[in-house]
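Results of the structural survey
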Amino acid sequence: MKPKVLILTQKPLHKAPRVFKEIEALKGIFEIHTVGITPSKKEEQFFFIKKLPVKKKILRSFFLLIRWYEKFYWDVYRHDLVQRMKGKEYDLIIAHDEDVLPIALKISNGANVVLNAHEYLPEESSHLILWRWLMKPYIEYLCRTYSAHTDLVLTVNESISKLYTDNFNLKCTPVYNASGYVECNPVAVQNPVRIIHH
């Protein structure tokens, strides 16, 4: 019997490249269970997580204003997911981003918990004043409160790992978003060279 892994995200799994690559890499080793907006169609079992409608989120932003972060975080849909996950046993739980980490820790039941932080979430939309004022302190709260309770933190590169280390005293391991090796035969190109970069 394979060990069981639960992979959590608040994204559509079929449209989340880093999460999808992870599922592909683990599927031969683990029995895959997932939480997300849509399934990857690679898992044994999928659990839907409903996002709070924008109107309700705006109303709940009052909790951000008064820095009542736990009340803001634990909406009815997150409570519902935790109830549905009660009694489930996993060997490993991987939370993609800090926004699902509290759920992962709450349902872990002694399983190892990995935070796959991707980019540096506290600065994600720092160009927006309202985001810096309301969301950044909230994200920093999630990082301070929950990230230290994980068994491993992954990021996309060394510089982001350093930001988490410097700001939250977290030891991180970079895992690059590289594609698999492809044998190819390059050909000459003409000027100008057009490149799409993400």
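The text that follows walks through the structure, step by step, so that each part is easy to find. Since this is a predicted model, take the numbers as computed values, not measurements. (Residues numbered from 1 in each chain as written. Predicted model: local features only at pLDDT ≥ 70, side-chain atom pairs only at ≥ 80, totals over all residues. Heavy atoms only, no water.)

Quick look at the nonpolar core now. Where a protein is soluble and globular, its nonpolar side chains tend to be buried together. Grouped together as the largest cluster of nonpolar side chains are 44 residues, with contacts concentrated most on Ile93, Ile103 and Tyr164. Broken down by element, this core gets its largest block of residues, eight residues, from helix α6 (residues 129-146). Grouped together as the second largest cluster of nonpolar side chains are 13 residues, Ile7, Ala16, Ile32 and Val114 included. (Core = buried A, V, L, I, M, F, W, Y, C linked by side-chain atoms within 4.5 Å. Buried < 20%, exposed > 50% of the residue type's maximum accessible area, 1.4 Å probe, protein only. Helix = DSSP H or I, 4+ residues; strand = E, 2+ residues; numbered from the N terminus.)

The strand order β3-β2-β1-β4-β5-β6-β7 describes an open sheet built from seven strands, whose pairing is parallel. What marks the edges here is a single partner per strand, and that holds for β3 (45-48) and β7 (172-174). Adjacent strand axes in the sheet meet at a mean angle of 20° when their direction is disregarded. Bridging between strand β6 (residues 152-155) and β7 involves three bridges; their strand directions are parallel. Pairing of Leu154 across the sheet is with Thr173, part of β7. The strands that helix α7 (residues 158-168) touches are β6 and β7; relative to β7, the one it contacts most, it runs at about 170°. (Pairing = 2+ DSSP bridges. Axes fitted to C-alpha atoms, helices over the stretch in contact; angles between N-to-C directions. Contact = heavy atoms within 4.5 Å.)

Our focus in this paragraph is unusual backbone geometry. Omega for the peptide link from Asn191 to Pro192 comes to -5°, which places this bond in the cis form. Relative to the helices and strands, Pro192 is located in the segment after β7. One non-glycine residue, Arg67, lies in the positive phi region at around 60°. As for its position among the elements, Arg67 is in the loop between α2 (54-65) and α3 (69-73). Residue Arg67 is classed as partly exposed on the basis of its relative accessible area of 39%. At Asp97, a residue that is not glycine, the phi angle is positive and equals roughly 85°. By the element assignment, Asp97 lies in the loop between β4 (92-96) and α5 (101-106). Classification of Asp97 by relative accessible area gives buried; the value is 10%.

These figures come from the coordinates and say nothing about function on their own.
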